[in-house]
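One letter stands for each residue in the lines below.
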Amino acid sequence: MLGVITAAGRGIRLHPNSKRLQKCLLEVDGKSILQRNISIMRNQMGIEVIYILVGYKKEQITKMLGDGKGLDVQLKYVDVGDVSKGLANGILQLEKHIKDDFCLMLGDEVYHDSNHHELPGFLDRNFSVVCAVKEERHSYIIKKNYSVDIKNDRIISLVEKPDDIKNKYLGCGTYLFKPSIFQHIRSASISTENGGVELTDVIDSIDAKNGPVLPFTLKGDYINVNNIDDYNAANYMLRTINFNKKRVSLIIPAYNEEYSIGYVIDEFIDRVDEILVINNNSADKTKEISEAKGVKVFTGDYKGYGDALKFGMENATGDIFVLVEADGSFFARDLGKILEYMKDADMVLGTRTTKQMIEQAANMNLLLRIGNLVVAKFIELLWLYKSEPRLTDVGCTYRAIWKLVYYDIRDSLRGVGPEFSPEMIIEAMRYNKRIIEIPVTYSGRLGGESKFSANMLANFITALRMLKLIMQKKILDIFK
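Predicted, not measured: the structure shown is a model, and the values here were computed from it. As a convention, each chain's residues are numbered from 1 in the sequence order in which they are written. Two thresholds apply to this predicted model, a pLDDT of at least 70 for residue-level local features and 80 or more for giving and counting side-chain atom pairs, whereas whole-chain, interface and lining totals are computed over all residues. Hydrogens and water are ignored here; the side-chain numbers use all heavy atoms of the structure.

### Let's talk about the pairing of strand β18 (residues 347–351)
With a 1.4 Å probe rolled over the protein chains alone, any residue whose accessible area is under 20% of its type maximum counts as buried; one over 50% counts as exposed, and the rest are partly exposed. Elements are defined by DSSP. Helices are runs of H or I of four residues or more, strands are runs of E of two residues or more, and each kind is numbered from the N terminus. Within β18, 5 of the 5 residues are buried, which leaves the element mostly enclosed by the surrounding structure. Both faces of β18 are covered, namely the face carrying Met347, Leu349 and Thr351 and the face carrying Val348 and Gly350. Strands pair, by our definition, only if DSSP identifies at least two bridges between them. As paired elements, β18 and strand β19 (residues 399–402) share 3 bridges and run antiparallel to each other. Residue pairing across strands places Leu349 opposite Arg399, the latter belonging to β19. Note: β18 against strand β20 (residues 435–439), 5 bridges, orientation parallel. Bridged to Gly350 within β20 is Ile438.

### Some words on the nonpolar core
For this analysis, a nonpolar core means a set of buried residues of the types Ala, Val, Leu, Ile, Met, Phe, Trp, Tyr and Cys, connected via side-chain atoms within 4.5 Å. Among the nonpolar cores identified, the biggest contains 72 residues, and Ile252 and Tyr398 are the most heavily contacted of them. Tallying contributions element by element places helix α15 (residues 420–430) first for this core, with 6 residues. Counting residues in hydrophobic clusters, the runner-up holds 46 residues, among them Ala7, Leu25, Ile47 and Ala234.

### Considering the state of the cysteines
Simply put, disulfide is the name for a covalent bond between the sulfur atoms of two cysteines. Disulfide: a pair of cysteine sulfur atoms within 2.5 Å of each other. Per the stated rule, a full pass over the model turns up 0 disulfides. Counting only cysteine sulfurs, Cys172 is the nearest neighbor of Cys131, a cysteine outside any disulfide, at a range of 9.9 Å. Relative accessible area serves as the criterion here: at 0%, Cys131 is assigned to the buried category.

### Some thoughts on the pattern of salt bridges
By salt bridge we mean one thing: a side-chain nitrogen of Lys or Arg within 4 Å of a carboxyl oxygen of Asp or Glu. Taken as a whole and assessed by the stated rule, the structure comprises 25 salt bridges. One salt bridge connects Asp108 with Lys23, and the closest N-O pair in it is separated by 2.9 Å. Placement of Asp108 in the loop between β6 (102–106) and β7 (109–112) and of Lys23 in the loop between α1 (17–20) and β2 (27–28) is noted, with a sequence separation of 85 residues between them. In terms of burial, Asp108 and Lys23 fall into one category: buried. For the salt bridge of Arg352 with Asp393, the shortest nitrogen-to-oxygen distance reads 2.8 Å. Here Asp393 lies in the loop between α13 (366–382) and β19 and Arg352 lies in the loop between β18 and α13, a separation of 41 residues in the sequence.

What follows is the structure, encoded as structure tokens:
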């Protein structure tokens, strides 16, 4: 049996994500949707030759997947031409390539723990088309896809994006077709304004005498990624399922922090998988205390806070990078909620501007709170068209980011000092990453003084560095 995966559409409802990347290449829990479906065909159905229907941004797909050798399959590409004419027209372009039964999967659907291995069993039965169906209690989800009416183990009707829901059956994007489907498509009436034909209309019009349309009851989790909400839901679903397998790396930039570094390591050491102390040639016992705790210590001449963090993330081995100060002003008790939100976000930011969570000894007076809030809202305003995060604190250094998200944005990160904090936010927004900000407890330092906000002059210099970087990034956006 041959395989076919559709990956030609523009994914307009997935903008802005699909503007940068073909929608089927969007990653869910670190792996593209297209690669996930290739794996299902290969591993569950034993399919070795797969045709990819391409159109919009086809160069991205062919460049990323090549001939399929790296995926242990043979990939062949068929250009569908005018993508606006719809799925059925794209399938018709396969007629000169396929002469036998084939399985087709939509390239923008996410499956987990499915039973696709049972699908080849239908090849021994009499059928014209086999459609995967799933029981779905939420009528809204059915209305976004197509509904199926089943009687006596036969599909008797299909309706694309139905207004009225008559049962609990959701039609999914996995099919078995005989080569006769090409003739059915050519014979179907034009059903769209641009001269295209809806695949569900084609299947619905097939006369039972040509062979029945059979349902294949799909098991496991399933999401059709139609829009941003679907995409976020798919990420949340798979991240949650696999979260206990994820490793967490804690990265601590340190410069002369002998009074606090031991406490910070002890606070977090039982809650993460590894700790990296990035020691910027401290003149005190920061290095010795850290090494005595058994964590990884990297000593070097780093250009500043941002440079040290980038070095740490480049050398961390976890799936999630957590960044925290070495001064003891943040607590490990907040790590649990940060990680919980990481299931639903690409980056989670702490905010120190929630008054109820600022302890009396914390270096966060009214002026600093207002300053961080104003700069945060300034970033929101400059990139209002790009994303939707609610930002209230640009300088909070307690945050987490998925490793693969960092890899996406790292080549655009230029800041070496405190300006690195807002730069991470800006680049994540520019790359259409999902950012969530949550309140964290902010306490006083255990020793020494802040390198960036010890006094009014330090605050002013830090603010200028941040604003300079923000404007540079905006100018680049305008003239790129």
